[in-house]
Amino acid sequence: MIPGIHHITAIASDPQANIDFYCGVLGLRLVKLTVNFDDAGSYHLYYGDGLGTPGSIITFFAWPGASRGRIGAPQVSAISFGVPKGSLGYWKQRLEGEGVELQLGGSQSGREILSFTDPDGLQLEVVESQGSRGSSWPDGPVPPDKAILGFDGVSIMEESPEVTAKLLTEVMGFRPDEAGVDPHGYRAGGGEGIASRVDLISNRDARRGSLGAGVVHHIAFRTPGDAEQLQWREKLERLGYHVSPVMDRIYFHSIYFREPGGVLFEIATDTPGFTADQRAAELGTRLMLPPWLEDQRPGLVQVLPPVRLPTLGR
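To start, this report covers the structure provided alongside it.

Parameters at a glance
Residues numbered from 1 in each chain as written. Predicted model: local features only at pLDDT ≥ 70, side-chain atom pairs only at ≥ 80, totals over all residues. Heavy atoms only, no water. Helix = DSSP H or I, 4+ residues; strand = E, 2+ residues; numbered from the N terminus. Rg over C-alpha atoms; globule rule 2.2 N^0.38 Å. Buried < 20%, exposed > 50% of the residue type's maximum accessible area, 1.4 Å probe, protein only. Contact = heavy atoms within 4.5 Å. Areas by Shrake-Rupley, 256 points an atom, 1.4 Å probe, with all protein chains shown as cover. Lys, Arg positive; Asp, Glu negative; His and termini not counted. Charge placed at Lys NZ, Arg CZ, Asp CG, Glu CD. Core = buried A, V, L, I, M, F, W, Y, C linked by side-chain atoms within 4.5 Å.

### Observations regarding the overall build of the chain
Counting secondary structure elements, the chain contains five helices and 16 strands. Here the C-alpha radius of gyration of the chain, 18 Å, is about what a compact globule of 314 residues would show, namely 20 Å. Projected onto its principal axes, the C-alpha coordinates of the chain cover approximately 50 × 45 × 35 Å. In the chain, which comprises 314 residues, the share counted as buried stands at 55%. Within the chain, contacts between residues at least 6 apart in sequence are counted, and of these 67% link residues at least 24 apart. A total of about 13000 Å² of accessible surface is found on the chain, and carbon and sulfur atoms cover 50% of it. Treating the 28 positive side-chain charges of the chain as one cloud and the 38 negative ones as another, the clouds have centres 1 Å apart.

Below, the structure is given as structure tokens:
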């Protein structure tokens, strides 16, 4: 059974603008400044709660100058962040004060939603959640009692949501969620809180999406460790999915496959976490490279654009 979402990875066109927005505006912690292990000449930026707890992590492949992508099926169409009960007024005031244009009037199962986009047009939402906090970040710009808890959930646009729903329910252990988007809202097995919700949005007539800035590259789901991940790999292969070999991402191990609609899914381990190569107090404070790229550091530093790291306690 899948416990929920591990992380979501999207594409950004300007690493500095991305850092300024996710740290300075949303108050997430930059938990890892590293490179794309498959494209070492570009940054891979990781944000989350104080320790980058699974379920709180949004990451970006930062490709300077990348053209805008197009949202369509099959793609993640919106990412929803959960915030503590009673804090939506704070978030409305904060976002407006930061010059973020809000799209008001939406609701989800009786809950008001604040909808907006990041600098690249990635569709985001803030909604009050009943989820519990993972690891707070007291040095951030948002008071801990108002800070983002993690993902509330994710919406995926599909031409035929029924086939993806079959994977979620019959293979991955999700169950229909009466509070979700009828009739295609689902919750991870046993999950009611942070990062457990997936809504499938039916859109059979939209143009197909294209990758680019402001578009989600893939969505990763959690598994506790390596043994469970190997079981998932064997199970998916038996069902006819083309699954990647296990890939070492230092902070977790990953396997990838395409769900029936075409969205790239990942199953990532909860361990070892972002303190694998840095102490908790030092997360996000300098460029970290995997061992197989460390000898390339001088050249990579010349190629990577300089970035200004977040000022704490704003």
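Additional details are given in the paragraphs that follow.
### Focus on the nonpolar core
Formed by 82 residues in total, the largest nonpolar core has its most connected members in Tyr22, Leu26, Tyr47, Ile58, Ile79 and Phe265. Among all residues touching Ile79, those that are not within four sequence positions of it are Ile8, Ile58, Leu122, Gln123, Leu124, Glu125, Phe151, Gly153 and Val216.

### What about unusual backbone geometry?
Here the bond from Ala73 into Pro74 is cis, since omega is -5 degrees, no more than 30 degrees from zero. Inspection of the secondary structure puts Pro74 in the loop between strand 4 (57–62) and strand 5 (75–83). Pro272 follows Thr271 through a cis peptide bond whose omega is 5 degrees. Note that Pro272 resides in the loop between strand 16 (264–269) and helix 5 (297–303). Although it is not a glycine, Ala195 sits at a positive phi angle of roughly 60 degrees. The residue Ala195 is located in the loop between strand 11 (185–187) and strand 12 (197–202) in this model. You will see that Ile250, though not glycine, has its phi angle at about 70 degrees, which is positive. Among the structural elements, Ile250 can be located in the loop between strand 14 (247–248) and strand 15 (253–258).

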